[in-house]
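Observations on the model geometry
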Amino acid sequence: MTDAPLLEVRNLTRRYKLPRQSLLRRSPVLTALEGAGFSLRAGETLGVVGESGSGKSTLARLIMAFERPDAGEVLFNGSDLHALSSEELRGLRRGFQMVFQDPFGSLNPRRRIGWSIAEPLRANGEETQVTYRVAEALEQVGLHPADAGKYPHEFSGGQRQRIAIARAIITKPALLVADEAVSALDVSVQAQILNLLMDLQDDLGLGMVFISHDLAVVASICDRVLVLQHGKTLESGPAADVLRAPEHPYTKTLLKAAGAHT
Amino acid sequence: MRRLPANFLLGAVLVSIVVGIAALSLIWTPHDPQTMSISTKFAPPSATHWLGTDQLGRDVVAQLMAAARNSMTVALVAVLLGGSIGVALGLLASALGGWVEDGVMRLADLGFAFPALLFAIMLAAVFGPSLTNAVLAISFINIPIFARVTRASANQIWTRDYVAAARAAGRGRFAISRDHILPNIAAAIIVQATIEFAVAILAEAALSYLGLGAQPPASSWGRMLSEAQTLMYLAPQLAIYPGLCIVTAVLGFGLLGDGLRDITDPRLVRAR
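Residues numbered from 1 in each chain as written. Chains lettered and ligands numbered in written order. Predicted model: local features only at pLDDT ≥ 70, side-chain atom pairs only at ≥ 80, totals over all residues. Heavy atoms only, no water.

1. A word on the overall build of chain A
Selection rule: The way it works is that DSSP assigns letters per residue, a run of H or I at least four long becomes a helix, a run of E at least two long becomes a strand, and they are numbered from the N terminus. Only the C-alpha atoms count toward the radius of gyration. The rule for a globule is 2.2 Å times the residue count to the power 0.38. For every residue, the accessible area obtained with a 1.4 Å probe (protein chains only) is divided by the maximum for its type, and the residue is called buried under 20%, exposed over 50%, and partly exposed between those limits. Contacts: residue pairs with any heavy atoms within 4.5 Å of one another. When charges are counted, Lys and Arg contribute as positive and Asp and Glu as negative, whereas His and the chain ends are disregarded. In plain terms, the charge of a residue is placed at NZ if it is Lys, CZ if Arg, CG if Asp and CD if Glu.
When helices and strands are tallied, chain A shows 9 helices and 10 strands. Relative to a compact globule of 262 residues, whose C-alpha radius of gyration would be 18 Å, chain A shows 19 Å and is just as compact. Burial statistics for chain A: of 262 residues in total, 51% are counted as buried. Across chain A, every contact between residues at least 6 apart in sequence was considered, and the portion connecting residues at least 24 apart equals 68%. For chain A, the distance from the average site of its 29 positive side-chain charges to the average site of its 30 negative ones is 8 Å.

Written as structure tokens, this is what we have:
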């Protein structure tokens, strides 16, 4: 394994224009993320923690290159995603995939799940052995290959999240971004999905950015932690250090909240 | 199984009757709708002429049936043509965003601001009155309507996570429009198409009434109305029959469209 980071985020800033309050004034600007930076090596997990509106999901969208930052860079295996042409970017996308929060919104209700899982393959022109690879991905996430013919509404939330994970790993990516991937699930199902993610990480050597508002969940699976509030980075470092001796009062509050229900 | 809304059922019945009669006219009418017989003009309803004959002795039932077929054909072609162009523009606007979206929507506003009848009269003035020009005019007014509905619905679908997942997979905007957006907004488009079908029937009748649509000897409810107008005191029934046909067809498609909307949009049903 090389020392070069899999993912390097430098000084990432994103501002949104809000609706105009008055005809004569300029529209106010919300700074959703300001100067965020970290690096992640293959096989590592970075936890990103913060409350609603802290910029966690903005960070995820910028890493996935769904939108452009106002400043800063996202380097994936050394290439700046936001400096590439859209063709070059599409070619790299198979290397980094995402698992979404809402398992009911992340699958097209009108397509069989086999179709949805195979979508990244078709997008990259890999038309061979699609059925076999879909079956393989379904087995990797603990579902049955025959499930490929069913529609999303035939599954529970936890099963749907497994399907979403199968879609994310079918191209054998190097990086997985999980945005609140277990927050919408029951506690017992949460544990199953977390275990699945960790097993897959071991098997595939995935680097993972795990975004959550729940510090307890982050503490259980992450190597390093980044704490965000109002778009600013309050704290970052090895999970053990941040959680044992938090420097910022906000982190202490989050820790207390996490302790309260675990 | 939930009970179907009353407006949907009534609309479905009326539409079935009108479409059924139009289809029947393809293979059978009681008489030839164009055959004149001056000796039997203004005949009262009888076993041979169920609703009587008009001022030229033509069978009214046969004319109404042939007119139903013409009316359905005009509405179908106009909605399909205008609808396809409008849906394509709406999808394009939604997929590309930015100045393309702004441009398409401002063009749609312009189309809305332009009265359909005026456009038809303009076409008739330039190319001469004909059924084809009437179809083109009705298609044209449908384009901005469908473009707006499509763009509004498509913009909602673009924010869904499964679209984000498709982007993450590396799929392009047009592939996403085809595989994810269109199937999920199809219901809204079908509802709109049904309602626009009613509007198109009315527009065809209006244009033919003004002499800008179906030309003689082709049958048309609108032209039957305008011909009957001069005979209002002599034979009022000649104006009533085509009028009733127009009402039935427009009401039927309008109710069917409303009913479909109620079925496909559960929020509206609960609000009632």
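2. Some remarks on empty space enclosed by the protein
All names here are of chain B. We apply this condition: Cavities and pockets were defined on a 1 Å grid built over protein atoms only: a cavity is a set of grid points that admits a 1.4 Å probe from which the probe cannot escape, a pocket is an open set flanked by protein on both sides within 12 Å along at least five of seven lines, and lining residues are those with an atom within 4 Å of any such point. Grid points are joined across faces, edges and corners, and a volume is the space filled by probe spheres set on the points. Amino acids outside the nonpolar list (Ala, Val, Leu, Ile, Met, Phe, Trp, Tyr, Cys, Pro) and the charged list (Asp, Glu, Lys, Arg) are all regarded as polar, and Gly is one of them.
Considering all chains together, one arrives at 1 cavity of 30 Å³ or more under this definition. Within this model, the largest cavity holds a volume of roughly 70 Å³. Forming the walls of the largest cavity are Asp54, Gln55, Arg58, Val60, Gln63, Met224, Glu227, Ala228 and Leu238. Mapped onto the lining of the largest cavity, the elements with two or more residues apiece are helix H2 (60–96) and helix H8 (221–229). At 3 residues, H8 tops the list of elements feeding residues into the lining of the largest cavity. Among the residues forming the lining of the largest cavity, the class breakdown is 4 nonpolar, 2 polar and 3 charged.

3. What about the packing of helix H6 (residues 161–168) of chain B against helix H7 (residues 173–209) of chain B?
Residue and element names in this part refer to chain B. Put simply, the rule is: For helices, the fitted axis covers only the stretch in contact; all axes are lines through C-alpha atoms, and the angles between them, taken along N-to-C directions, range from 0 to 180 degrees. Between 65 and 115 degrees an angle is taken as roughly perpendicular, under 35 as roughly parallel, over 145 as roughly antiparallel, and anywhere else as oblique. A clockwise turn of the near helix away from the far one marks a right-handed crossing, whereas an anticlockwise turn of less than a right angle marks a left-handed crossing.
One can describe the packing of H6 onto H7 by two numbers: an axis separation of 10 Å at closest approach and a directional angle of 160°. Looking at the two axes, H6 sits roughly antiparallel to H7. The chirality of how H6 crosses H7 is right-handed. In this structure, H6 contributes Tyr162, Val163, Ala166 and Arg167 to the contact, and H7 contributes Arg173, Ile176, His180, Ile181 and Asn184.

4. Here we look at the UniProt feature "domain: ABC transporter" (unreviewed entry) in chain A
Filter applied, for reference: UniProt positions are given in the numbering used here, feature names are shortened, and annotations may be inferred rather than shown by experiment.
The feature "domain: ABC transporter" (unreviewed entry), as annotated in UniProt, sits at residues 7–255 of chain A in this numbering. Within the segment residues 7–255 of chain A, helix and strand shares are 35% and 26% respectively, and the terminal C-alpha atoms sit 27 Å apart.

5. Quick word on the UniProt feature "transmembrane region" (unreviewed entry) in chain B
Residue and element names in this part refer to chain B. In the numbering adopted here, UniProt assigns the feature "transmembrane region" (unreviewed entry) to residues 6–28, 74–100, 112–141, 181–211 and 231–257. Overall, residues 74–100 shows 96% helix and 0% strand. The separation of its end C-alpha atoms is 31 Å. Between the C-alpha atoms that bound residues 181–211 there is a distance of 41 Å. The span itself is 94% helix and 0% strand.

6. Observations concerning helix H3 (residues 98–113) of chain B
Residue and element names in this part refer to chain B. As a reminder, the rule being used: Multiply 1.5 Å by the residue count of a helix minus one, and that product is the helix's expected span. Directions pointing from the helix axis toward each C-beta atom define the arc.
In this model, H3 (16 residues) spans 23 Å end to end at C-alpha, consistent with the 22 Å of a helix rising 1.5 Å per residue. Among all positions in H3, only Val100, Glu101, Val104, Met105, Ala108 and Gly111 are buried. When H3 is viewed along its axis, its buried side chains cluster within an angular range of 120° and face the same direction. For H3, the exposed residues lying more than 90 degrees away from the buried face are Trp99, Leu110 and Ala113. Against H2 and helix H5 (131–158) lie the buried residues of H3.

7. A few points about the packing of aromatic side chains
The line we're drawing: Here a pair means two rings of Phe, Tyr or Trp (six-membered ring of Trp) with centres within 6.5 Å. Their orientation is stacked below 30 degrees between planes, edge-to-face above 60, and tilted elsewhere. Only Lys NZ and Arg CZ are tested; either one counts as a charge over a ring when it is within 6 Å of the ring centre and within 35 degrees of the ring normal.
Following the criterion strictly, the structure yields 5 aromatic pairs over all chains and no others. Between the aromatic rings of Phe114(B) and Phe119(B), the centroid separation amounts to 6.2 Å while the plane-to-plane angle is 80°, which identifies the pairing as edge-to-face. Residue classification places Phe119(B) among the buried positions, given a relative accessible area of 12%. Between Arg111(A) and the ring centre of Trp115(A), over which it is positioned, the NZ or CZ distance is 4.3 Å. Between the NZ or CZ atom of Arg122(A) and the centre of the ring of Trp115(A), over which it lies, the distance is 4.4 Å.

8. What about the UniProt feature "domain: ABC transmembrane type-1" (unreviewed entry) in chain B?
The positions that UniProt labels "domain: ABC transmembrane type-1" (unreviewed entry) are, in the present scheme, residues 68–257 of chain B. Between the first and last C-alpha atoms of residues 68–257 of chain B the distance is 19 Å; the span itself is 84% helix and 0% strand.

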